[in-house]
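Chain by chain, the residues:
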Amino acid sequence: MNRTLARLLQAPSIVLLLLWMVVPLSMTIYFSTIRFNLLYPERSGFIGLSNYTYFYTDPAFWPAILNTLILVGSILVITVVLGLAIAILVDRPFLGRGVVRVLLISPFFIMPTVSALLWSNMMMNPIYGLFAAGFNAIGMEPINWLSDYPLLSIIIMVSWQWTPFAILIFITSLQSRDLEQKEAATLDGIGFWAQFWNLILPHLARPISIVIMIQMIFHLSIFAEIFVTTGGGPGFQSTNLAFLIFTQALKGFDVGVASAGGVFAIVLANIVAYFLVRMIGRNMTV
């Protein structure tokens, strides 16, 4: 009786989950096997794996894959290293620490579109941006960041927004440290770097793994910053997998090819998530 009641109580959430995930996924797989262009809906029909072949042979496919990997890898390194350094720095007591922590975390709550507009207009504009003003002040030619270094510009924007997330997780974890260990190490004359490698880093192994997993899942689908600033260009220099799917769907009006790209992105995300979950599982058992 208790087991039946438990299943009945779980049923609504399970049904909702199925409708929320399985139905859209099934429709995506279905559309990926048919010819379906929004401009010519009457020409739709089953074509098997042709959409996957077309998506795979797109000239932007391999640049998009490479850019996606560069974006994810670079942003993870920057956010984890900076987040860890800043979290350790503000973990020590000082006047106004609470205000500083709030200011450090606040960029994470800015919408990606607003963040992209802020960086492209206020910071990276080659005429009136703050970076241009700094270059002019030292007698150097300002850099047109979005044209000359589009992928680096996206990395800077996203890293700025996601570093506060890492800081928040690391600060929370540092507050749970064993203070007796810290005091004993200090009294024994153990230096900062020795404490960092032997006490702080092992304590933060799980939070670091969680930050990497969550950020990697989100960074595989970076879109707003690219759409607002570079538009995937120049050429394919800042086109990632998510933007390529968007280009096929809403610029080429080809739902079939875009769905094939979506299935490919889902498979890639699940492969990444699988290895990350295994890595976190190993850290949890340490």
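Residues numbered from 1 in each chain as written. Predicted model: local features only at pLDDT ≥ 70, side-chain atom pairs only at ≥ 80, totals over all residues. Heavy atoms only, no water.

**Q** Help me out: how do you make sense of the overall build of the protein chain in this one?
**A** When you go through the protein chain residue by residue, the secondary structure sums to 14 helices and 2 strands. Overall, the protein chain is about 80 × 75 × 30 Å in size when its C-alpha atoms are taken along their principal axes. Expressed as a percentage of contacts within the protein chain between residues at least 6 apart in sequence, the contacts between residues at least 24 apart total 69%. Here the protein chain displays about 16,800 Å² of accessible surface, and carbon together with sulfur accounts for 71% of that area. Considering the protein chain, the positive charge centre built from 13 side chains and the negative charge centre built from 11 side chains are found 12 Å apart. (Helix = DSSP H or I, 4+ residues; strand = E, 2+ residues; numbered from the N terminus. Contact = heavy atoms within 4.5 Å. Areas by Shrake-Rupley, 256 points an atom, 1.4 Å probe, with all protein chains shown as cover. Lys, Arg positive; Asp, Glu negative; His and termini not counted. Charge placed at Lys NZ, Arg CZ, Asp CG, Glu CD.)

**Q** I'm lost on the packing of helix α10 (residues 192-203) against helix α11 (residues 205-219) in this one. Help?
**A** The geometry of a pair of packed helices is captured by two quantities: the angle between their axes and the separation between those axes. Two numbers describe how α10 lies on α11: the axes approach to 4 Å, and their chain directions differ by 50°. Viewed along their axes, α10 and α11 adopt a mutual orientation that is oblique. Residues L201, P202 and H203 of α10 lie in contact with α11, whose contacting residues are A205, P207 and I208. Of the residues belonging to the contact of α10 with α11, the class tally is 5 nonpolar, 1 polar and no charged. (Axes fitted to C-alpha atoms, helices over the stretch in contact; angles between N-to-C directions. Parallel < 35°, antiparallel > 145°, perpendicular 65-115°, else oblique. Nonpolar A, V, L, I, M, F, W, Y, C, P; charged D, E, K, R; others polar.)

**Q** What am I meant to see in the packing of aromatic side chains here?
**A** How two aromatic rings sit relative to each other is set out by the distance from centre to centre and by the angle between their planes. Under the defined criterion, the tally for this structure stands at 21 aromatic pairs. For the ring pair Y56 and W62, a centre distance of 5.9 Å and an interplane angle of 75° mean the geometry is edge-to-face. Given a relative accessible area of 45%, Y56 falls into the partly exposed group. When the centroid spacing of 4.9 Å and the interplanar angle of 65° are considered together, the rings of F223 and F246 count as edge-to-face. Of this pair, F223 sits in the loop between α11 and α12 (224-228) while F246 sits in helix α13 (residues 241-251), placing them 23 residues apart in sequence. (Phe/Tyr/Trp six-rings, centres within 6.5 Å; stacked < 30°, edge-to-face > 60°. Buried < 20%, exposed > 50% of the residue type's maximum accessible area, 1.4 Å probe, protein only.)

**Q** I would appreciate a short explanation of the nonpolar core in the present structure.
**A** Within soluble globular proteins, side chains that are nonpolar generally end up buried alongside one another. Judged by nonpolar contacts, the single largest core of 43 residues is most densely connected at L71, M124, I154, M157 and F170. Sorting the residues of this core by element identifies α3 (61-91), α5 (112-123), α7 (145-148), α8 (150-174), α10, α11, α13 and α14 (255-284) as the ones contributing at least two each. Ranked by residues supplied to this core, first place goes to α8 with 12 residues. Those residues within four positions of M124 in sequence are excluded, and the remaining contacts are W119, F131, I143, W145, L146, S153, I156 and M157. Grouped together as the second largest cluster of nonpolar side chains are 10 residues, A60, L241, L244 and A258 included. (Core = buried A, V, L, I, M, F, W, Y, C linked by side-chain atoms within 4.5 Å.)

**Q** Explain the environment of L220 here, please?
**A** Within the secondary structure, L220 is located in the loop between α11 and α12. Judged by relative accessible area, L220 falls into the buried class, the value being 15%. For the pair L220 and L241, spaced 21 residues apart in sequence, the C-alpha separation works out to 7.7 Å. In this structure L220 touches T68, V72, A242, L268, A269 and V272, once residues within four positions along its chain are discounted.

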